[in-house]
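An overview of the molecular structure
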Amino acid sequence: MITLKTPITELNRVGKTVSAKLKKLDLVKVEDLIYWYPFRYDDFSNIKKINELKAGDIATIKGRIELLANKRSPRKRMIITECFVTDETGSIKAIWFRQPFITKILKNNDQVYLAGQVEDDLFNLYFKNPSYEKIISFAGGPNKEPTHTARMVPIYSTTEGLSQKQIRFLIKQALGVVNQLTDWLPQEIKRKHKLIDLKTALADIHFPKNQQSLIQAQTRLKFDELLNLHLQNFLIKKEVNKYRAIPITFNEVKTKKIVENLGFTLTDAQRKSAWQILMDMTEEKPANRLLEGDVGSGKTVVAALAIANAVLNGYQAALLAPTEILAAQHFQTFKDTLKVIDCNIALLTHFKHEVVNTTDQKNADLARAKILRSLRQGELNLIIGTHALIQQEVEFNNLALVIIDEQHRFGVKQRQAIREKSGHVDLLPHFLSMTATPIPRTLALTLYGDLDLSLIDELPPGRKKPITKLVDPTNRQLAYDFILKQIQAGRQAFVICPLIDESDKLGVKSATQEYQKISQEIFPQLKIGLMHGRLKPAEKDEVMKKFTENKIQILVSTSVVEVGVNIPNANVMIIESAKRFGLAQLHQFRGRVNRSHHQSYCFLFTEKFSAKSMERLKKLVDCYDGFKLAEEDLKLRGTGDLSGIKQSGFFSPLKIASLGDVKLIAETKKASKEIIEKYSKLIDKFKLKNNIHPE
Ligand code: ADP
Ligand code: MG
């Protein structure tokens, strides 16, 4: 029998290839499919007769296939599939490009649904690349309910070689066991907040009957997600308060010395934030603070001051970065910043390790095992790495401070894990998370109720704002000429592309293709590098190293460089298909090229600017305030204008709710308090499930 925990491989039509692709998306169990929510829907529920169709309509028709044939297009040397579909009112042509297999699936005289937008070529209406679905009727019985047409059709995030049809087919199977789920919310809460049942919500989020049932499903699932978050926050806070931490005395003399050696003056906001975290750390209560500051506002040095004080008190500190690139970069920075105190620093990631002593700067290429041993024995003062640090065989001697960069949440499990490794199980290290995610203050307080908040709300003085320009295709060459001049003057440039693989449907430039174009056609005389998430860590490291040393002049990259990367000499950025990104994310990108006294430039390229995307992207030209731009994003999201744009992954921990759901965020916060007061059994179960141990 299939259950929620059954491996996906036991479903129909999941062989080795398909299961490997599903695994890429982290889809392993039947249950995972149920929670793989669509990111948008095609509304094909408008079923029309052929003679009612008008150009521009998005509709489904029902009819019989005639004259189906593959043809070779004379100009473009590709296969075009054509047919006519006829109902009792008329006939319409359908054409598909590069999908010759359709003639194997469909046959003349088949009854089908066709769905899509009706196009118009001056003479006739036709469908271009419509969705199609055979109408299968059981002998004498009713027709099988359509999945891909004639309804609201879900569109899922996917990976190369896994089609929407395949995913829908699998999710339909998975939904067969949705009845095995138990709804965790008490009836009373559901009634009070007018929420539908969990099973119905999960079924409808994939295959909504109509707009209204979709909204009800979304509301229920958002409610659950936000409630979950509030409950976690609340219970973690309670849990954290049970522990003591090691009080760290503020070493004023040495801290001043570090600051004097920086080569710049701290901004008031940096000074204030550093003071807040340093004061937190003097307490016996574990510090638990979120440091928010726009890209380039200088969060790293605040972290350095906190770490220095932990080390000066004789304790260990750990700094976790989201990527290998960033960890390696922090290692270099801290080597410098902490020069004036005696500090043994290690870099440890899955593929790389290195140790340095800040005062004699000798590079010890210690074996991994030796690094781990000296960490355990307390000879190492600071360890820098990725999250692997807390998953691996890492143990500390006397860990007093953990800093997490560019990730505003540190999971309960991770906290638990780090406590167990810290060297004293009854004490909790002080925590500082740092993020450039510009969440408005009130919202941050609601969402991360367990954290104290520090803001760096100013940039270092003398930074020139990047000159941002929207460039249409006719001016592309001018932009390239400009970049060449900058590079000849010694600068470097980034080219950012949205996806790794070419995806015709989206018309999006891929980094790999762009790399070939730039290195072979546009700048054959320059050294070009390629960076994307599918490179091996060692390859990434090599590329970043070359870029840092100016051995690569232009780096073509996907969004992996979005967070944290600091290459002050790079002052130009091109963003391809800019309209596919949210404003806050674009702002993050251009933060990469505004890191020194050189005037910086950001060129937003897009194949075609619609009036709407033009208006949105113009905001970036005029505004250099991450918080304001994030609010603009939220406003647009609230109105559904950004539905086609993928939310930036690090923007929030939320899967279905968004920071724009302000009302629901407040409502669920109230509900969380009520549940904690009234439903102790539910809370016990919740703690168990979320690894929050009652003690
Ligand atoms: P982020 O907040 O995005 O992590 P970083 O800490 O990487 O920013 O700092 C960005 C750059 O600004 C670094 O090169 C850093 O040395 C520099 N910087 C930080 N603070 C100041 C300051 N007060 N004055 C001048 N430059 C600064
Ligand atoms: Mg940073």
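Being a predicted model, the structure only gives us computed values, none of them experimental. (Residues numbered from 1 in each chain as written. Chains lettered and ligands numbered in written order. Predicted model: local features only at pLDDT ≥ 70, side-chain atom pairs only at ≥ 80, totals over all residues. Heavy atoms only, no water.)

Description of the overall build of the chain
Helices and strands together make up the secondary structure of the chain, namely 23 helices and 23 strands. On C-alpha atoms alone, the chain measures out to a radius of gyration of 28 Å, which is about the 26 Å that the 2.2 N^0.38 rule sets for 695 residues. The principal-axis extent of the C-alpha atoms belonging to the chain is close to 90 × 70 × 45 Å. For the chain, buried positions account for 54% of its 695 residues. A fraction of 72% describes how many contacts in the chain between residues 6 or more apart in sequence connect residues 24 or more apart. Accessible area for the chain stands at about 32,300 Å²; split by element, carbon and sulfur atoms hold 52% of it. Computing the positive centroid from 104 side-chain charges and the negative centroid from 78, the chain places the two 2 Å apart. (Helix = DSSP H or I, 4+ residues; strand = E, 2+ residues; numbered from the N terminus. Rg over C-alpha atoms; globule rule 2.2 N^0.38 Å. Buried < 20%, exposed > 50% of the residue type's maximum accessible area, 1.4 Å probe, protein only. Contact = heavy atoms within 4.5 Å. Areas by Shrake-Rupley, 256 points an atom, 1.4 Å probe, with all protein chains shown as cover. Lys, Arg positive; Asp, Glu negative; His and termini not counted. Charge placed at Lys NZ, Arg CZ, Asp CG, Glu CD.)

Details of the pattern of salt bridges
This model, assessed by the stated rule, comprises 25 salt bridges. A salt bridge links Lys192 to Glu674; its shortest N-O distance comes to 2.9 Å. Here Lys192 is found in helix H5 (residues 187-192), whereas its partner Glu674 is found in helix H22 (residues 662-678), with 482 residues between them in sequence. Residues participating in the shared-partner salt-bridge network are Asp183, Lys190, Arg220 and Asp224. (Salt bridge = Lys/Arg side-chain N within 4 Å of Asp/Glu carboxyl O.)

Focus: the layout of surface pockets
Roughly 920 Å³ of internal volume is contained in the second largest pocket. The wall of the second largest pocket is formed by 36 residues, among which Phe264, Gly298, Thr300, Arg463 and Asn566 lie closest to the centre. If you list the elements that add at least two residues to the lining of the second largest pocket, you get helix H10 (299-312) and helix H11 (324-337). When residues of the lining of the second largest pocket are assigned to their parent elements, the largest contribution, eight residues, is made by H11. Looking at the lining of the second largest pocket, its residues break down into 11 nonpolar, 18 polar and seven charged. (1 Å grid on protein atoms, 1.4 Å probe; cavity = no way out; pocket = protein on both sides within 12 Å on 5 of 7 lines; lining within 4 Å. Points joined across faces, edges and corners; volume = space filled by probe spheres on them. Nonpolar A, V, L, I, M, F, W, Y, C, P; charged D, E, K, R; others polar.)

What about the sheet that holds strand E12 (residues 353-357)?
Hydrogen bonds between backbone atoms are what pair the strands of a sheet, whose relative direction is either parallel or antiparallel. Taken in spatial order, the nine strands line up as E13-E12-E11-E14-E10-E15-E16-E9-E17 in an open sheet, and their pairing is mixed. Every other strand in the sheet has two partners, leaving strand E13 (363-364) and strand E17 (452-456) as the edge strands with one partner each. Pairing analysis gives five bridges linking strand E15 (residues 399-405) to strand E16 (residues 430-435), with the strands arranged parallel. By the bridge assignment for E16, Val402 is matched with Phe431. Each of strand E10 (316-320), strand E11 (344-348), E12 and strand E14 (382-385) touches helix H12 (residues 368-377); the most contacted strand, E11, lies at about 130° to it. (Pairing = 2+ DSSP bridges. Axes fitted to C-alpha atoms, helices over the stretch in contact; angles between N-to-C directions.)

Describing the packing of helix H9 (residues 268-281) against H10
Each pair of packed helices gets described by two things: the angle between the helix axes and the distance between those axes. It is the contact of H9 with H10, at a shortest axis distance of 9 Å, that shows an interaxial angle of 30°. By the angle between their axes, H9 is roughly parallel relative to H10. Relative to H10, H9 is oriented so that their crossing is right-handed. Contacts between H9 and H10 involve Gln270, Ser273, Ala274, Ile277, Leu278 and Met281 from the former and Val301, Val302, Leu305, Ala306, Asn309 and Ala310 from the latter. The residue inventory of the contact of H9 with H10, partitioned by class, reads nine nonpolar, three polar and no charged. (Parallel < 35°, antiparallel > 145°, perpendicular 65-115°, else oblique. Left-handed = near helix turned anticlockwise from the far one by under 90°.)

Regarding the site of ligand 1
In the region of ligand 1, 16 residues are neighbours, and Thr265, Gly296, Lys299, Thr300 and Arg463 sit closest. At 3.5 Å from an oxygen atom of ligand 1 is found a main-chain nitrogen or oxygen belonging to Ser297. For ligand 1, the protein covers 83% of the area, taking 570 Å² as the surface of the free molecule. When atom positions are compared with the pocket grids, ligand 1 is found to occupy the second largest pocket. For the shell around ligand 1, the class distribution of residues is four nonpolar, eight polar and four charged. (Near = heavy atom within 4 Å. Polar contact = N/O pair within 3.5 Å; in protein donor to acceptor, adjacent residues only side chain to side chain. Sits in = over half its atoms within 2 Å of the grid points.)

Focus: a positive patch on the surface
Positive charge collects at one region of the surface, where Arg75, Lys76, Arg98 and Lys128 lie side by side. By secondary structure assignment, the location of Arg75 is in the loop between strand E2 (58-72) and strand E3 (79-87). (Patch = residues over 30% accessible without salt bridge, like charges linked within 9 Å, V, L, I, M, F, W, Y side chains within 5 Å.)

What to know about the side chain of Glu82
Take Glu82: it is sitting in strand E3. With a relative accessible area of 17%, Glu82 lands in the buried category.

A closer look at the sheet that holds strand E20 (residues 528-531)
Spatial ordering of the open sheet is given by E18-E23-E22-E19-E21-E20, a layout of six strands whose pairing is parallel. Sheet topology places strand E18 (467-471) and E20 at the edges, where each strand pairs with a single neighbour. With direction set aside, neighbouring strand axes in the sheet form an average angle of 20°. Here four bridges tie strand E22 (residues 570-575) to strand E23 (residues 601-605), and the two strands are oriented parallel to one another.

Overview of the side chain of Gln553
By the secondary structure assignment, Gln553 is in the loop between helix H18 (537-548) and strand E21 (554-557). Sequence-distant contacts of Gln553, defined by excluding residues within four places in its chain, comprise Ile487, Gln492, Ala493, Leu526, Lys527 and Phe547.

Section: the nonpolar core
With 52 residues, the main nonpolar core has Phe223, Ile383 and Ile675 as its most contacted residues. The dominant element in this core, judged by the number of residues it contributes, is helix H7 (residues 211-240), at eight residues. Excluding anything up to four places from it in sequence, Phe223 contacts Leu185, Ile189, His193, Leu195, Leu664, Glu667, Thr668 and Ala671. Ile277, Val311, Phe334 and Met434 belong to the second-largest nonpolar core, a separate cluster that totals 45 residues. (Core = buried A, V, L, I, M, F, W, Y, C linked by side-chain atoms within 4.5 Å.)

So, the state of the cysteines
Within this structure, the stated rule accounts for zero disulfides. Note on Cys602: no disulfide assigned, nearest cysteine sulfur contributed by Cys497 at a separation of 13 Å. (Disulfide = S-S within 2.5 Å.)

Overview of the packing of H7 against H22
At a minimum axis separation of 8 Å, H7 and H22 run at an interaxial angle of 55°. When the interaxial angle is binned, H7 and H22 end up oblique. You can see that H7 and H22 cross each other, and the crossing is right-handed. Each of Thr219, Lys222, Phe223, Leu226, Leu227, His230, Leu231, Phe234 and Leu235 in H7 lies in contact with H22, whose residues at this interface are Leu664, Ile665, Glu667, Thr668, Lys669, Ala671, Ser672, Ile675 and Ile676. Within the contact of H7 with H22, the residues separate by chemical class into 11 nonpolar, four polar and three charged.

Observations concerning the pairing of strand E8 (residues 152-155)
Of the two faces of E8, the one holding Met152 and Pro154 and the one holding Val153 and Ile155 are both buried throughout. Strand direction decides the pairing type here: strand E1 (residues 40-43) and E8, joined by four bridges, are antiparallel. By the bridge assignment, Tyr41 is partnered in E8 with Pro154.

A look at the confidence of the model for the chain
Low-pLDDT stretches of the model should not have their predicted coordinates read in fine detail. For the chain, per-residue confidence averages 87 on the pLDDT scale, and residues scoring 70 or more make up 92% of the total. Per-residue pLDDT stays below 50 along residues 502-507; that stretch engages in 10 contacts with residues further than four places along the chain or on separate chains. (pLDDT = per-residue confidence, 0-100.)

Some remarks on unusual backbone geometry
Positioned with a positive phi, Leu67 is a non-glycine residue whose angle comes to about 55°. By secondary structure assignment, the location of Leu67 is in strand E2. One non-glycine residue, Asn109, adopts positive backbone phi at about 75°. Within the secondary structure layout, Asn109 lies in the loop between helix H3 (102-105) and strand E5 (111-120).

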